[in-house]
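Close look at the chain arrangement
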Amino acid sequence: QVQLVESGGGLVQAGGSLRLSCAASGSISSINTMGWYRQAPGKERDLVATLNSNGRTNYRDSVKGRFTISGDFARNTVYLQMNSLKPEDTAVYYCNAYLMSRGLVWDNYWGQGTQVTVSS
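Residues numbered from 1 in each chain as written. Predicted model: local features only at pLDDT ≥ 70, side-chain atom pairs only at ≥ 80, totals over all residues. Heavy atoms only, no water.

Let us now look at the overall build of the protein chain. Of the regular secondary structure elements, the protein chain holds zero helices and eleven strands. Helices and strands in the protein chain line up, N terminus first, as β-β-β-β-β-β-β-β-β-β-β. For a compact globule of 120 residues, the expected C-alpha radius of gyration is about 14 Å, and the protein chain comes in at 14 Å, within 12% of that figure. With the C-alpha coordinates aligned to their principal axes, the bounding extent of the protein chain is approximately 45 × 25 × 20 Å. For the protein chain, the proportion of its 120 residues judged to be buried stands at 42%. Summarising the internal contacts of the protein chain: among those between residues at least 6 apart in sequence, 55% fall at separations of at least 24. Averaged over its 11 positive side-chain charges, the protein chain has a centre that lies 4 Å from the centre of its 8 negative ones. (Helix = DSSP H or I, 4+ residues; strand = E, 2+ residues; numbered from the N terminus. Rg over C-alpha atoms; globule rule 2.2 N^0.38 Å. Buried < 20%, exposed > 50% of the residue type's maximum accessible area, 1.4 Å probe, protein only. Contact = heavy atoms within 4.5 Å. Lys, Arg positive; Asp, Glu negative; His and termini not counted. Charge placed at Lys NZ, Arg CZ, Asp CG, Glu CD.)

Shown next as structure tokens:
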């Protein structure tokens, strides 16, 4: 009933920029938090940035000053502007939403992921 779809990944040179987008759709009543996580091969899926319904943002230290999360929860969307990309940013980036469905149940949802590759 709820789906998250990411877009905007790709191949970029170190120092370049990408903008990721995520749109949630389906039986959504209210969104508490949307965010981005990433997972490199053999690594855990780690938080990159989150945005809550009050506008509060949270970033992992390694992306502070380089990445910016924004969104419009009324339209069920979240973005991640990634600047000054580094090879260590290479990973599959996953959109996440913690939301209440129209069935009045809070749950955590994930997109399918979009590949970001940063060449040196």
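Let us look at the sheet that holds strand E3 (residues 18-26). As summarised here, the arrangement of the four strands in space is E1-E3-E8-E7, forming an open sheet in which the pairing is antiparallel. Looking at strand neighbours, the two that pair on one side only are strand E1 (2-7) and strand E7 (67-72), the edges of this open sheet. For this sheet the average axis-to-axis angle between neighbouring strands, irrespective of direction, equals 15 degrees. For E1 and E3, the ladder comprises six bridges, and the chain directions are antiparallel. Considered in E3, the bridge of glutamine 3 is made with serine 25. (Pairing = 2+ DSSP bridges. Axes fitted to C-alpha atoms, helices over the stretch in contact; angles between N-to-C directions.)

On to the environment of glutamate 44. Within the secondary structure, glutamate 44 is located in the loop between strand E4 (28-39) and strand E5 (46-52). Judged by its relative accessible area of 63%, glutamate 44 is exposed. When the C-alpha atoms of glutamate 44 and serine 119 are compared, they prove to be 21 Å apart, with 75 residues separating the residues in sequence. Every residue in contact with glutamate 44, bar those within four places of it in the chain, is listed here: Arg38 and Gln39.

On the secondary structure map, glycine 10 appears in strand E2 (residues 10-13). Setting aside residues no more than four positions away along its own chain, glycine 10 makes contact with Leu18, Gln115, Val116 and Thr117.

Before going further, it helps to spend a moment on the state of the cysteines. Per the counting criterion, the structure on display carries one disulfide. Disulfide partner of cysteine 22: cysteine 95, at an S-S distance of 2.0 Å. Residues cysteine 22 and cysteine 95 are joined by a disulfide whose S-S torsion is about -85 degrees; by sign, that bridge is left-handed. You can see cysteine 22 sitting in strand E3 and its partner cysteine 95 sitting in strand E9 (residues 91-101), a full 73 residues away along the chain. Here cysteine 22 falls in the buried class, since its relative accessible area comes to 2%. Residue cysteine 95 is classed as buried on the basis of its relative accessible area, which comes to 0%. (Disulfide = S-S within 2.5 Å.)

Spatial relationships are all this shows, so hold off on functional conclusions.
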